[in-house]
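Structure assessment
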Amino acid sequence: LHVLGNRNPLDVLNELVPWLGERTQRLDDSVLRRPEAPGKWSVIEVVQHLADSELVFGFRMRMVLCEDRPPLQGYDQDRWAGEFGYKNAQLDVALEQLGGLRTPNLRLARSLSPRQLEREGMHSERGPESVGHLLKLMAAHDLVHRRQIDRILEKVMPAR
């Protein structure tokens, strides 16, 4: 969460889709699919991870808002990447998925009362997490992966 600092999580969450569009719009497919190092993710894998993370986040937020301290199951992101073929993801589809989920998730988040933001679920690995905390986690997650994408592109872009 330290990467978020004192930034408003909703502002950070609002930046991701346009930021990704700008970063990826002119990239050659081979650049999108080139990992920064063996065993590491490529840009396309990170984008698909962000899209699937948004799906999980939206579900968790809704469960916490409507259930009493529901369980929030952790998951193995590397297994998701392998099982769901992140290496073969299509950029336009991944961006459409991400934007299509982020927009209603943000709309919902902006509408929440202080009482709703305090509602908690029980994460299987991290313990109690409020909706407000989930928003901060997602915003920090966005920033970490934005840095990762910039780092990958520095390593894999052909020299000009």
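Residues numbered from 1 in each chain as written. Predicted model: local features only at pLDDT ≥ 70, side-chain atom pairs only at ≥ 80, totals over all residues. Heavy atoms only, no water.

**Some details on the overall build of the chain**
A tally of helices and strands in the chain yields seven helices and three strands. Along the chain, helices and strands appear, N-terminal first, in the series α-α-α-β-α-α-α-β-β-α. Here the chain has a C-alpha radius of gyration of 16 Å; the compact-globule value for 160 residues is 15 Å, and the two agree. Taking the principal axes of the C-alpha coordinates as reference, the chain spans close to 55 × 30 × 30 Å. In the chain, buried positions account for 45% of the 160 residues. Within the chain, residue pairs in contact and separated by at least 24 positions form 80% of the contacts whose partners lie at least 6 positions apart. By element, 51% of the accessible surface of the chain is carried by carbon and sulfur atoms, the whole surface being about 9,100 Å². Across the chain, the 23 positively charged side chains and the 23 negatively charged ones have centroids separated by 3 Å. (Helix = DSSP H or I, 4+ residues; strand = E, 2+ residues; numbered from the N terminus. Rg over C-alpha atoms; globule rule 2.2 N^0.38 Å. Buried < 20%, exposed > 50% of the residue type's maximum accessible area, 1.4 Å probe, protein only. Contact = heavy atoms within 4.5 Å. Areas by Shrake-Rupley, 256 points an atom, 1.4 Å probe, with all protein chains shown as cover. Lys, Arg positive; Asp, Glu negative; His and termini not counted. Charge placed at Lys NZ, Arg CZ, Asp CG, Glu CD.)

**With respect to unusual backbone geometry**
Positioned with a positive phi, Arg 69 is a non-glycine residue whose angle comes to about 45°. As for its position among the elements, Arg 69 is in the loop between helix 3 (43-66) and strand 1 (71-72). Among the residues examined, Arg 69 registers a relative accessible area of 45% and is labelled partly exposed.

**As for the sheet that holds strand 3 (residues 127-130)**
Reading across from one edge, 1-2-3 is the order of the three strands in this open sheet, with mixed pairing throughout. Looking at the sheet topology across the chains shown, the edges are occupied by strand 1 and strand 3. Strand direction decides the pairing type here: strand 1 and strand 2 (residues 120-123), joined by two bridges, are parallel. When the bridges of strand 2 are listed, Pro 71 appears paired with Met 122. (Pairing = 2+ DSSP bridges.)

**Comments concerning the pattern of salt bridges**
For the structure shown, the criterion picks out 12 salt bridges. One network of salt bridges, with partners in common, ties together Arg 7, Glu 15 and Arg 146. (Salt bridge = Lys/Arg side-chain N within 4 Å of Asp/Glu carboxyl O.)

**Remarks on the pairing of strand 3**
The sheet contact formed by strand 2 and strand 3 spans four bridges and is antiparallel. Paired with Glu 120 across the bridge in strand 3 is Ser 130. Counting the residues that bridge the hairpin from strand 2 to strand 3 gives three residues.

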